[in-house]
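Here is what each chain is made of, one letter per residue.
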Amino acid sequence: MEKYAVPNKLPAEEISILAQRKARIKRDIAQYVRKPLPENRKKKFCKPELFIADYRKAERDSMRIKRNFLKTGVQLKDEEVEHGRLILVFRHRGKFISNKEVMHILAKLGLPYKRRAVLLKLTEGVHAMLKMVEPWIIWGYPNVGTVRELVYKYGLFKPEQGEKGPKKIPIASNKQVEEKFGHLGIICVEDLLHELLTVGKNFDKVTKILHTFELRSPVDGWKTARKGKLRSLGGEAGFRGDEINDFFKRLL
């Protein structure tokens, strides 16, 4: 029987691609687990001049909101803006903002931190809030490719109420989507994308469970030093329409 033996026989241990993939997902989840803060943390000393400068910035922001927004009233008219469409909003500046009104509006839009993006349905109320915080955000109409890349590369789920574990769960399989949205008829990632792109009847329920997209600065940097200057005046901030897809190619 030895003459029929296969020389250089492969080892009996099986190497599973699925096991490697599970290990990689486990590593990705581990990076989102909140680590305990060190006990002997050094406290930073802030000069009084910094507090005065922050107060003056907050005053200027309040004056700008009253000047640019309140005088126009609630009914905002813009030929390029179409209510009911899917929009992509990216907060590109303002790590710490002194103005509480601005911070409250950004938190209400789902953008409490810098370099975060969120998908929203454009309504009159949302449009009004976007106008108030325009120097801190870039927004426009995303296409299929941009939304697909965002969900596949940076898609995260929020944990359910009372669920233990990490606060951010990466979207790794269709089974996860089915567990979260199966009762809504959404059983895979493609169904999830369709609901987002078409702004379907379950759009609000889906976006409530989806976490904000954590992104980086553009690969080739910012084109202008004045990030807070409106795009209509030669800066980076404000409404971009369909051109936001070209901008997100530099982010993704």
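Residues numbered from 1 in each chain as written. Predicted model: local features only at pLDDT ≥ 70, side-chain atom pairs only at ≥ 80, totals over all residues. Heavy atoms only, no water.

A. Local environment of the overall build of the protein chain. A count of helical and extended segments in the protein chain gives 9 helices and 7 strands. Residue burial in the protein chain is summarised as follows: out of 252 residues, 38% are buried. For the protein chain, restricting intrachain contacts to residue pairs at least 6 apart in sequence, the fraction spanning at least 24 positions comes to 70%. As presented, the protein chain carries roughly 17500 Å² of accessible surface, and 54% of it is formed by carbon and sulfur atoms. (Helix = DSSP H or I, 4+ residues; strand = E, 2+ residues; numbered from the N terminus. Buried < 20%, exposed > 50% of the residue type's maximum accessible area, 1.4 Å probe, protein only. Contact = heavy atoms within 4.5 Å. Areas by Shrake-Rupley, 256 points an atom, 1.4 Å probe, with all protein chains shown as cover.)

B. Looking closely at the sheet that holds strand β6 (residues 213-214). In space, the 5 strands of this open sheet follow the order β6-β2-β1-β3-β7, with mixed pairing throughout. Each of the sheet's edge strands pairs with one partner strand only, and the pair in question is β6 and β7 (238-241). Taken together, the 2 bridges between strand β2 (residues 116-121) and β6 define a ladder with antiparallel strand orientation. Within β6, the residue paired with R116 across the bridge is E214. Against the sheet, helix α9 (residues 244-251) touches β1 (86-91), β2, β3 (137-140) and β7, its axis set at about 45° to β1. (Pairing = 2+ DSSP bridges. Axes fitted to C-alpha atoms, helices over the stretch in contact; angles between N-to-C directions.)

C. A look at the environment of L122. Here L122 is to be found in the loop between β2 and α4 (124-132). For L122, a relative accessible area of 1% gives the class buried. The spatial distance from the C-alpha of L122 to the C-alpha of G84 is 5.2 Å, given a sequence separation of 38 residues. Among residues more than four places away in sequence, those in contact with L122 are V81, E82, H83, G84, R85, I87, H127, L130, W139 and Y141.

D. Local environment of the pattern of salt bridges. Inspection of the entire model under this criterion finds 5 salt bridges. One salt bridge connects E82 with R85, and the closest N-O pair in it is separated by 3.7 Å. Taking the relative accessible area as the measure of exposure, E82 reaches 41% and is therefore partly exposed. As a salt-bridge pair, K168 and E214 come within 2.5 Å of each other at their nearest N and O atoms. Of this pair, K168 sits in the loop between β4 (156-157) and β5 (169-170) while E214 sits in strand β6, placing them 46 residues apart in sequence. Residue class for E214 comes out partly exposed when judged on its relative accessible area of 25%. (Salt bridge = Lys/Arg side-chain N within 4 Å of Asp/Glu carboxyl O.)

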